[in-house]
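Examination of the molecular architecture
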Amino acid sequence: ISPYLPRRLVARAHQLTMEGYTWCHERNVVTVFSAPNYCYRCGNQAAILEVDEHHKYNFIQFDPAPRRGEPHVSRRAPDYFL
């Protein structure tokens, strides 16, 4: 457990979120996903969570980098979430 995270915040990862991060449970749990355009087809953003020693947090979001010769990927939920 990080000494910088407030005890009331649970940060988890490895679940696709279209904006790079998603809050739930009255903002006590956050899911952070750091793979932009997952599998080269989801069009999602990625995010990094920064937490300082005063328990202030900041999200940095990243768009997928364009790939030459690849079609533009629209932002949509993957079929397995429908």
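Now for a description of the structure that goes with this document. Everything numeric in this text was worked out from a predicted model, so none of it was measured.

Parameters at a glance
- Residues numbered from 1 in each chain as written.
- Predicted model: local features only at pLDDT ≥ 70, side-chain atom pairs only at ≥ 80, totals over all residues.
- Heavy atoms only, no water.
- Phe/Tyr/Trp six-rings, centres within 6.5 Å; stacked < 30°, edge-to-face > 60°.
- Helix = DSSP H or I, 4+ residues; strand = E, 2+ residues; numbered from the N terminus.
- Buried < 20%, exposed > 50% of the residue type's maximum accessible area, 1.4 Å probe, protein only.
- Pairing = 2+ DSSP bridges.
- Axes fitted to C-alpha atoms, helices over the stretch in contact; angles between N-to-C directions.

**Notes on the packing of aromatic side chains**
All told, the structure shown has five aromatic pairs when counted by the stated rule. Ring centres of Trp23 and Tyr57 lie 5.6 Å apart, and the angle between their planes is 50°; on these two criteria the pair is classed as tilted. With Trp23 in strand S2 (residues 21–24) and Tyr57 in strand S5 (residues 57–62), the pair connects residues that are 34 residues apart, well separated along the chain. Tyr57 gets classed as partly exposed once you look at its relative accessible area, which sits at 35%. Between Trp23 and Phe59 the ring centres are 5.8 Å apart and the planes differ by 90°, which places this aromatic pair in the edge-to-face class. In this pair, Trp23 is assigned in strand S2 and Phe59 in strand S5, connecting sequence segments 36 residues apart.

**Description of the sheet that holds strand S1 (residues 10–13)**
The strand order S1-S3-S2 describes an open sheet built from three strands, whose pairing is mixed. In this open sheet, the two strands that pair with only one neighbour each are S1 and S2. Each strand of the sheet is rotated relative to its neighbour by a mean of 20°, with strand direction disregarded. Of the pairings in the sheet, the one linking S1 to strand S3 (residues 29–32) comprises four bridges and is parallel in character. In the strand pairing of S3, Ala13 is matched with Val32.

That is the geometry; function is a separate question.
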